[in-house]
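# Inside the fold
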Amino acid sequence: GEKEKTIKVYTRDTTSGTRDGFFSTIGFSEAVTDNTVLADGYVEVDSNGGMITAVKNDEFAIGYISLTSLETANVKGLSFNGVKPTEANVLNGTYALTRNFNYIVGNDFTNQTEAEIVEAFLAFLTTSDAKSTIISEGGITEINNEDPSWNDIKADYPISNKDNSEITIKFGGSTSVEKIAKALSAEFSAKCGNFIFEHNHTGSGDAYKRTQGSEKSGTNALHIAFASRDFKDSEEATLGTSGKICIDAIVAIVNKINDLDNITEVTMKKIYDGTITKWGEIE
Amino acid sequence: MRRIKDFILNGITYVSSGIGIFILIAILVFIFRNGFGSLSMSLLTSDYYQTTYNTNIIDSTFYKLGDFEDPKIENSFFSETWGISLKNGNNVAGEKIVEINYVAVSSPFKSMNDVATGEKREIGKGYALSKIIMTNENDDFIMALAKDGAEEVVKKLEQATIITDMIASTGGGGIRGSLLTTLYLIILTLTLALPTGICAAIYLHEFSLNNRLTRFIRIMIDMTSGIPSIIFGLAGAVIFIPFMNGVINSNGGSIASGALTLTLILLPIIIKTTEEALKVIPVNYRSASLALGASKTQTIFKVVLPNAVSGILTATLLSIGRIIGESAALIYAVGTAIKDNVAINEKSTSLAVHIWSLMSGENPNFALASAIAIIIMIIVFILSISVKLISQRLNKIKVGN
Amino acid sequence: METVFNINNLNLFYGDNQVLKKMNLSIPKNKVTAFIGPSGCGKSTLLRCLNRMNDLIESCKITGDITYGNTNISEINPIELRTKVGMVFQNPNPFPMSIFDNVAYGPKCQGIKNKAALNEIVIEALKKSSLYDEVKDRLNANALGLSGGQQQRLCIARCIAMKPEVILMDEPTSALDPIATLKIEELLYNLKKDYTIVIVTHNMQQASRISDYTAFFLLGEIIEFNKTVDLFKNPQNKKTEDYITGRFG
Amino acid sequence: METVFNINNLNLFYGDNQVLKKMNLSIPKNKVTAFIGPSGCGKSTLLRCLNRMNDLIESCKITGDITYGNTNISEINPIELRTKVGMVFQNPNPFPMSIFDNVAYGPKCQGIKNKAALNEIVIEALKKSSLYDEVKDRLNANALGLSGGQQQRLCIARCIAMKPEVILMDEPTSALDPIATLKIEELLYNLKKDYTIVIVTHNMQQASRISDYTAFFLLGEIIEFNKTVDLFKNPQNKKTEDYITGRFG
Amino acid sequence: MPILLNWMDKLHKNKQFERKILTDNIVKNILFVVTILCASVIVFIVLFILLRGMSPFINGYEINGKIYTVDIFKFIFGTTWFKTPNLYGVGFIIVNTVYVVSLTLILAVPISVLTALFITRIAPDKVGKSISYIIELLASIPSIIYGLFGLGVITTVVKNLSNFFGYQSAGGISTLSSAIVLAIMIIPTITMIASTSIKAVSQDLINASLALGASPTQTNFKMVLKSARSGIFSGIILGVGRALGEATAISMVAGNSGNGPTFNFFDTTRTLTTTMLLGLKETTGLDYDIRFSVGIVLIVIIIGSNILLNFFNRKLEK
Ligand SMILES: Nc1ncnc2c1ncn2[C@@H]1O[C@H](COP(=O)(O)OP(=O)(O)OP(=O)(O)O)[C@@H](O)[C@H]1O
Ligand SMILES: Nc1ncnc2c1ncn2[C@@H]1O[C@H](COP(=O)(O)OP(=O)(O)OP(=O)(O)O)[C@@H](O)[C@H]1O
Ligand SMILES: [Mg+2]
Ligand SMILES: [Mg+2]
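Residues numbered from 1 in each chain as written. Chains lettered and ligands numbered in written order. Predicted model: local features only at pLDDT ≥ 70, side-chain atom pairs only at ≥ 80, totals over all residues. Heavy atoms only, no water.

## Topic: the overall build of chain C
Per the secondary structure count, chain C includes 10 helices and 10 strands. For chain C, the C-alpha radius of gyration of 18 Å lies close to 18 Å, the compact-globule estimate for 249 residues. Its C-alpha atoms put chain C at 55 × 40 × 35 Å along the principal axes. The 249 residues of chain C split such that 55% are buried. Long-range contacts, defined here as pairs at least 24 residues apart, represent 68% of the contacts in chain C between residues at least 6 apart. In the form shown here, chain C has an accessible surface area of approximately 10900 Å², with 48% of it arising from carbon and sulfur atoms. (Helix = DSSP H or I, 4+ residues; strand = E, 2+ residues; numbered from the N terminus. Rg over C-alpha atoms; globule rule 2.2 N^0.38 Å. Buried < 20%, exposed > 50% of the residue type's maximum accessible area, 1.4 Å probe, protein only. Contact = heavy atoms within 4.5 Å. Areas by Shrake-Rupley, 256 points an atom, 1.4 Å probe, with all protein chains shown as cover.)

Now the structure itself:
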């Protein structure tokens, strides 16, 4: 019966930050940018949505998505190494399948106002206001009691009391962080003189490139960008211009009718590299 | 023997044509079943992104809390302290939200401080609350999030005395922007493609000599119509995006670059349809006009074109259908970012690309995609019926002469 | 005899196919000249040469010359020539516009915009082509609503409105019933004092009834050209005689 | 005289238009019968009645009866009838297939699949229609590559391949040049010992050359039916005489 | 004085006619230029795609600090779509594409031809007209909707079918689903053209066939279809072009298999167009430009197949 069935392995495309986080964590870094090491018959999908649709339609699928989408996805999320994928478990560090969402901002602005707004934005990220927004949009972070609220610190940023409605701040980078980024920019604009915000999210790869890298002075240049993975060695940012905004949990998913509940890191790697091919082979 | 064979052969033709009908019905049933629920006027008129308000109410001396009377609305949770009732719901995009469905007359929610404008704003019925940060008498930090559900939010509201930061939003999930983009694309593309295509058709049919050059031109135009739209999209991306970036200061793909790309796609169609219409016009109209001392230009503008109107109209309608349905080319030449504030020099999605964007985005939304599909189908069917009627008229003219 | 057109040694080819061969002919002024001959002998082709409508056919090559007045027509602007030399076709072909617009079409193309002037021209042309009484109440009605005979008279009116000197007619009655034909013939009779008329016809009776001169064509050549009475009574050429007595064609 | 068809009191209408009126006629066996008469008098219509091709015209209504042998044709399956009563049309209309396939078409439709049998049938039919020598080297060439006369003989061969008893021919030579016509006439002469032939023709000479019996039609009626020699020499009816001496039509 | 007036009048008139000729010439030349522009669209498109698409094989691209170019030989004959940093292969994708399109034709051609026959020769007039109208409607449905339908309905059907055969497909995302979606999309194209050419078969031939004792059905199948074959084939050629070039719908049901070729109906596949459309994350660099290289391959295949099929069609006509 069901045990005989082949495991259908689904993966995101090689430019995906989710894929990067997933394979890095399960100890299968070779697979981050290389499809050829994956199990035979793997299927590549090019979005979180594509992954959800695929696993929903395939009883014998295994895949991975961001924890944010799990609730509405109508698929089954697996425990990882016996730990349930919940926010609490992510925060207390027991759920290991995570990745960071990071920001990076430009390092030299010709326009002083823009520079000040960006500076204020970085301060805003540390406030309970920003953190609660991040949480409400699905990011995982903790609000500590010592976290200031924007009202506490806004006096330090006089730019927030000016009328900035002529200034445009460009946001971009990872698509996974897009939702959070949009909520943050909308909220902060209201708090900082109604500057105009523009979002152009094209992928984590562009975060460094368009703020401090090769395209930082082109038409595609961004003021503030996000990456859904950690920056690489080749993407070394100026001190104080980048950092983590929150954690995103990745959750391995299977079809609703699958009776598997938990999966270990080792099994997961074996499934993805093709050592385990049948559902029956999973203990 | 022969009877049976004939019967079987006839039978399979019945079955085959049945397949066509079956497919059409299946498609209609499919998109209506999935999308009909999401179809509403507000879908057409509202923004895709919610309008978000950042409000607070800090100075507790200006309002009174507590003891509001519960209107006892079903499936709702009432906050006696703040005088609002909340329920769990879904927005037009199908996402879970916590929605206000009642605000008492003297509730503080009637006059919140809008952080952006500094003015008073009512956060009333129909608004969705995504986060509320509050403090109680002891200045303790309280946070309520929509994803916890209405009941939880109300529970936290009950403990609070001051709202320091609240994000409320209204609307959302609508396709007004994409509808508008589609309209822009249609207008822009037609203003470029129609005159160009008609001019070429006039040249080919009225002026061109039957020589090698003309035959070559015709072959080129025929070949253009055989190129798939995704190739046009690629070409649009390398030709028109940089071009438009230079000309109208756009940043990457834009409606303008999309319209230029669509123009190229449409040219062969318009040329061909217009030429068909010109062919139908009796030659003797032209001879009569020329024999009356009209110049060729006069003949074309006074006699030929007025008679080709219905053909040109057909070309227009076919083009509109094509623009509405095109996706592959636009994905490249414009992009897939859904927009509410549509501008010619910016990215945004047409209805068809909106569907693509929904299906390949973070949360695939079959219901909304199908609802848009219904709208597209209705437009396309109306267009195709109009084309049919016009071509019937055209046939009458042909028969009449 | 005063002449309008003088045709000298005219050869005409459609591609490699010679359709008119060494033609010589003079068209007398203010007379009706009829072209007769079997199908395909080149009557329409010659007619179309006279107002340079053949210019529009790509494959058509002409040698020899035609003079209009004293000018070689190849030196006259073809558009100008066509305003002087009008043409009426076999099938009535009014434009799908109002009766008024049909008649006013030519003058408008010449740049006449004045309403009153146009009105006068239209009414005069309609009167001259004996159509005015039948249509005066519905000048704004679509011309396609007229009967075949009326349509053909409208085409003549449209032509007259240009104030031409010559009117060329290619079998103008062959698509009409006998009564409409009669009306057109009457009309021609009235017109000939003001205009030079050249008419192609298949109907020998018609040629003899209405024309002053007749040219008989055969295989691209003019076999005989003479006063109509003479040609029909005493044909000089055997072929002419055979044709007019119905022995072939 | 042995007859194949007996036509009794036949009336035929296309909608409300009566095209055949109270016709009575018997077609003699193994003879050539010609139908003559001016255009539109109903010759083709009667011919089409004989193999029930008129069944295909929706508006066509028939009263009276036609017997084939001793059976009323309305009781014979039309498909079967048509295998017995073949037909050749005015314009040569070979199918756009090879010569072989054209001739084999009928037999194949009857369910004959055996290659050798088909081969034999085709060759025999081609020989009988005196086409074999001209095409034997290119039986697989497309039939549309043949000349008009060859195409018409191919159509006759196609018909013969069905081994019919009667062959109906509707102006089979009117689209052909005189030489091809002559060949077909020769062929008919050879065929008449084996088949009953009914032929419609406009060419009186042809009728008198090839037919044994002739029926003269006028306005949907058979005016006269007789041995061909008699009918042309001593027409009994004034109208027949007028027609065959060329006084009208 | 009258003489002078007359002369002036003449002069004026002459000018007017000269102006008309001039206008005619100007108009003609403007129209000519526009026409040339329209005709040169294809040149520009092919040129730009070529320039950009050849670049991966010629120019160096910086990836993680090193410079790479793509090996054109491995590109054309490759059996793996992508391996970092610079291995791209479309060989198997070409095979897959041709395979899917062949399967599409196997499904679509009989249905289209039989439907065309039904519409034009078998169905009563009114029924035929309504069905041909339905077919026209199908032709006007945008491909994105076919994609949606494919994803929502056809994949499920295919999944069940594959389960029935005891084979495990990836939720129905497969070669077969792609072929079915494409078939549905090209059936209207082929049907409309086939029915035009069937209508054009002359009544003479049909009468001749009936007079030879063929039944109407035999006439339809043995003679009418044969006579219309060249027109039907033209329809098929158009259908092939459309199937090869279709992107949006097929990319929703094809899957994105990374290597191949795949011949199993129920396995995921990857065609040239889905390769160009899916995974479009980068907007610069090698991963972006390589799509233009795939575009070149697509153009070559479309034009090539067109020439080849037209060649066969001409043979068929003889
Ligand atoms: N546009 C054309 N191109 C080529 N050949 C033409 C063209 N127009 C006419 N012809 C040929 O020129 C010859 C003369 O034609 P024309 O129309 O002048 O004959 P016609 O005397 O007017 O005959 P009809 O009485 O039938 O009108 C014919 O053989 C005809 O086929
Ligand atoms: N399918 C039809 N529907 C209606 N009327 C028809 C049809 N076929 C023929 N007719 C009419 O029937 C009459 C006889 O036609 P038929 O073809 O039998 O004449 P015919 O003697 O063969 O003439 P011809 O010598 O011109 O072939 C004609 O008036 C014709 O218009
Ligand atoms: Mg003529
Ligand atoms: Mg007949």
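## Some remarks on the site of ligand 1
Residues and elements named next belong to chain C. Among the 13 residues in the neighbourhood of ligand 1, the closest are listed as S39, G40, K43, S44 and T45. Contact between ligand 1 and S39: an oxygen atom at 2.5 Å from a side-chain N or O atom of the residue. At a separation of 3.1 Å, an oxygen atom of ligand 1 approaches a polar side-chain atom of H202. For ligand 1, whose free accessible area comes to 630 Å², the fraction covered by protein is 63%. Sort the elements by how many residues they give to the shell around ligand 1 and helix α1 (residues 43–50) lands first, with 4 residues. Grouping the amino acids of the shell around ligand 1 by side-chain chemistry returns 4 nonpolar, 6 polar and 3 charged. (Near = heavy atom within 4 Å. Polar contact = N/O pair within 3.5 Å; in protein donor to acceptor, adjacent residues only side chain to side chain. Nonpolar A, V, L, I, M, F, W, Y, C, P; charged D, E, K, R; others polar.)

## Re the packing of helix α6 (residues 229–247) of chain B against helix α7 (residues 255–280) of chain B
Residue and element names in this part refer to chain B. Where α6 meets α7, the axes come as close as 9 Å, and the angle between the chain directions of the two elements is 135 degrees. Judged on the interaxial angle alone, α7 and α6 are oblique. The handedness of the crossing between α6 and α7 comes out as right-handed. Contacts between α6 and α7 involve S229, F232, G233, G236, F240, I241, F243 and M244 from the former and A256, S257, L260, T261, L264 and I265 from the latter. A class-by-class count of the residues in the contact of α6 with α7 yields 9 nonpolar, 5 polar and no charged. (Axes fitted to C-alpha atoms, helices over the stretch in contact; angles between N-to-C directions. Parallel < 35°, antiparallel > 145°, perpendicular 65-115°, else oblique. Left-handed = near helix turned anticlockwise from the far one by under 90°.)

## Overview of the domain arrangement of chain E
Residues and elements named next belong to chain E. Taken domain by domain, chain E consists of domain 1 (2–58) and domain 2 (77–317). Contacts between domain 1 and domain 2 engage 9 residues on the former and 9 residues on the latter. In this assembly, domain 1 packs against domain 2 so that about 740 Å² is buried in total across both faces, 78% of it on carbon and sulfur atoms. When the buried surface of domain 1 facing domain 2 is broken down by residue, I49, R52 and P56 rank first, second and third, together holding 62% of it. (Domains from an automatic or database assignment. Buried area = accessible area lost by both parts, 1.4 Å probe.)

## Let's talk about the site of ligand 2
Residues and elements named next belong to chain D. Around ligand 2, a shell composed of 13 residues is seen, among which S39, G40, K43, S44 and T45 lie nearest. For ligand 2, an oxygen atom lies 2.8 Å from a polar atom in the backbone of G40. A distance of 2.5 Å is found between an oxygen atom of ligand 2 and a side-chain nitrogen or oxygen belonging to S44. In isolation ligand 2 exposes 630 Å². Once the protein is present, 64% of that is buried. Among the elements that make up the shell around ligand 2, the one with the highest residue count is helix α1 (residues 43–50) (4 residues). For the shell around ligand 2, the class distribution of residues is 4 nonpolar, 6 polar and 3 charged.

## A short note on helix α9 (residues 229–245) of chain E
Across its 17 residues, α9 of chain E extends 24 Å between first and last C-alpha, which sits within 8% of the 24 Å expected from 1.5 Å per residue. Along α9 of chain E, 12 of the 17 residues are buried, which leaves the element largely enclosed by surrounding structure. Of the surrounding secondary structure, the elements contacted by the buried residues of α9 of chain E are α6 of chain B together with α3 (91–122), α6 (175–199), α8 (216–227), α11 (272–277) and α12 (286–317) of chain E. (Expected span 1.5 Å × (residues − 1).)

## Quick word on the interface of chain A and chain E
Each side of the interface is counted separately: chain A has 25 residues, and chain E has 23 residues. The interface formed by chain A and chain E includes 2 salt bridges. The salt bridge partner of K159 of chain E is E59 of chain A, with a shortest N-O separation of 3.4 Å. At the junction of chain A with chain E, the criterion picks out 6 residue pairs in polar contact (both at pLDDT 80 or more). (Salt bridge = Lys/Arg side-chain N within 4 Å of Asp/Glu carboxyl O.)

## Section: a negative patch on the surface
Taken together, the side chains of D67, E69, D70, E80 and E158 of chain B define an acidic patch exposed on the protein surface. Of note, E80 of chain B is situated in the loop between β2 (77–79) and β3 (84–90). (Patch = residues over 30% accessible without salt bridge, like charges linked within 9 Å, V, L, I, M, F, W, Y side chains within 5 Å. Lys, Arg positive; Asp, Glu negative; His and termini not counted. Charge placed at Lys NZ, Arg CZ, Asp CG, Glu CD.)

## Comments concerning unusual backbone geometry
Where the residue is not glycine, phi is negative for most of them; where a peptide bond is considered, it is trans in most cases. Look at N81 of chain A: it is not a glycine, yet its phi comes out positive at around 55 degrees. Looking at the element boundaries, N81 of chain A is found in the loop between β5 (79–80) and α4 (87–91). A relative accessible area of 37% means that N81 of chain A is categorised as partly exposed. At E171 of chain D, a residue that is not glycine, the phi angle is positive and equals roughly 45 degrees. Position of E171 of chain D relative to the elements: it lies in the loop between β7 (166–170) and α7 (178–191). Owing to a relative accessible area of 11%, E171 of chain D belongs among the buried residues under this scheme.

## Let's talk about the interface of chain E and chain B
Accessible area lost on assembly of the parts is the figure often given for the size of an interface. Chain E puts 70 residues into the contact, and the matching count from chain B is 70 residues. Summed over both sides, the interface between chain E and chain B buries roughly 6300 Å², with carbon and sulfur atoms accounting for 81% of that surface. Run the count over chain E and chain B and you get 1 salt bridge. Among the salt bridges present, the one from K388 of chain B reaches E136 of chain E, with a minimum N-O distance of 3.3 Å. At the boundary of chain E and chain B, one finds 11 residue pairs in polar contact (both at pLDDT 80 or more). Elements with a minimum of two residues in the side of chain E that touches chain B: α1 (2–58), α3, α4 (125–140), α5 (143–164), α8, α10 (248–251), α11 and α12 of chain E. Counted by class, the side of chain E that touches chain B contains 49 nonpolar, 15 polar and 6 charged residues.

## Points about the nonpolar core
Across soluble globular proteins, nonpolar side chains have a tendency to be buried as a group. If you look at the biggest cluster of nonpolar residues, it comprises 272 residues, and the most contacted ones within it are F5 and F35 of chain C together with F5 and F35 of chain D. Examining the composition of this core, we find that 15 residues originate from one element, α3 of chain E, more than from any other. Residue contacts for F5 of chain C: discarding those within four places in its chain leaves L25, S26, I27, L50, I66, T67, Y68, I73, V85 and V166 of chain C. (Core = buried A, V, L, I, M, F, W, Y, C linked by side-chain atoms within 4.5 Å.)

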